[in-house]
Amino acid sequence: MANPGPEALAARLLCEVDITLVDDAPVPLGRSPWRNRRVSYIAGGTFRGPRVCGEVLPGGGDWSELGQDGEGNAVTLIDVRSAWRTDDGVLVYVTYSGRLVIPAEALPDFRDPAKVEAMDPSRYYFRIQPVFEVADGPYGWLNATVAVGYGHRTAKGVRYRVFALD
């Protein structure tokens, strides 16, 4: 595999992902001596792209850590593990880490399901780094794919646009 260098880096759309979370997400576990952990369980979802489409299976989740910076902004470390099934039945294990930073002034709208979907995503920072694991076969190329994405909160979950880096 050729390594063209950083000046040739390009991104192409891999897929758009819609994830629905269970109704009581996130579930705050409370502040421990080490962190302020929350858990959000995945109820299901879909992913659609030029080379890969299917459903996000129920049962995965986000074991995020909530913090706050010196300016009062909410800062979240994202830790998602999920299983996806392609339209032709292939299972893909997808994990991703990321960052969600919500300015203090935007927090009330972000936390309100009636307002969050209408929020301009430029009011907050939501980025992910997915990693794919799949058995060899028609989607084996995902194992070598480096991807990044950006998120938008929806009333019932999250929506991502995920890009593969060439």
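A. Main features of the layout of surface pockets. Put simply, the largest pocket is a space of about 600 Å³. Every residue lining the largest pocket is counted, 32 residues in all, and those nearest its centre are Leu21, Ala25, Pro26, Ser40 and Arg153. Counting only elements with at least two residues in the lining of the largest pocket, the list comes to β1 (11-21), β3 (36-48), β5 (61-68), β6 (74-86), β7 (91-102), α1 (107-110) and β10 (157-165). Residue composition of the lining of the largest pocket, by class: 20 nonpolar, 6 polar and 6 charged.

B. Inspection of empty space enclosed by the protein at higher detail. Under the counting rule described, the total for this entry stands at 1 cavity of 30 Å³ or more. Of the pockets and cavities examined, the largest cavity occupies roughly 30 Å³. Every residue lining the largest cavity is listed: Leu14, Cys15, Phe47, Val52, Trp84, Val92, Phe132 and Leu142. Residues belonging to the lining of the largest cavity are distributed by class as follows: 8 nonpolar, no polar and no charged.

C. Fine view of the pattern of salt bridges. Counted under the stated rule, the structure contains 12 salt bridges. Of the charged contacts in the structure, one is a salt bridge between Asp18 and Arg159, with a shortest N-O distance of 2.6 Å. You can see Asp18 sitting in strand β1 and its partner Arg159 sitting in strand β10, a full 141 residues away along the chain. With its nearest N and O atoms 3.4 Å apart, the salt bridge here joins Asp87 to Arg48. Pair noted here: Asp87 is in the loop between β6 and β7 and Arg48 is in strand β3, with a separation of 39 residues, a long-range link. Taking relative accessible area as the criterion, Asp87 reaches 57% and is therefore assigned exposed. Salt bridges sharing partners connect three or more residues here, namely Glu105, Asp109, Lys115 and Arg123.

D. Spotlight on the packing of aromatic side chains. Per the stated rule, a full pass over the model turns up 6 aromatic pairs. Judged by centre distance (5.0 Å) and plane angle (75°), the ring pair of Phe110 and Tyr124 falls under edge-to-face. Residue Phe110 is found in helix α1, and its partner Tyr124 is found in the loop between α2 (113-116) and β8 (125-133); the two are separated by 14 residues along the sequence. Classification of Phe110 by relative accessible area gives buried; the value is 6%. Aromatic pair Tyr150 and Phe163: ring centres 6.2 Å apart, planes at 20°, arrangement stacked. Within this pair, whereas Tyr150 is found in strand β9 (residues 147-153), its partner Phe163 is found in strand β10, the two being separated by 13 residues in sequence.

What counts, and where the lines are drawn
Residues numbered from 1 in each chain as written. Predicted model: local features only at pLDDT ≥ 70, side-chain atom pairs only at ≥ 80, totals over all residues. Heavy atoms only, no water. 1 Å grid on protein atoms, 1.4 Å probe; cavity = no way out; pocket = protein on both sides within 12 Å on 5 of 7 lines; lining within 4 Å. Points joined across faces, edges and corners; volume = space filled by probe spheres on them. Helix = DSSP H or I, 4+ residues; strand = E, 2+ residues; numbered from the N terminus. Nonpolar A, V, L, I, M, F, W, Y, C, P; charged D, E, K, R; others polar. Salt bridge = Lys/Arg side-chain N within 4 Å of Asp/Glu carboxyl O. Buried < 20%, exposed > 50% of the residue type's maximum accessible area, 1.4 Å probe, protein only. Phe/Tyr/Trp six-rings, centres within 6.5 Å; stacked < 30°, edge-to-face > 60°.

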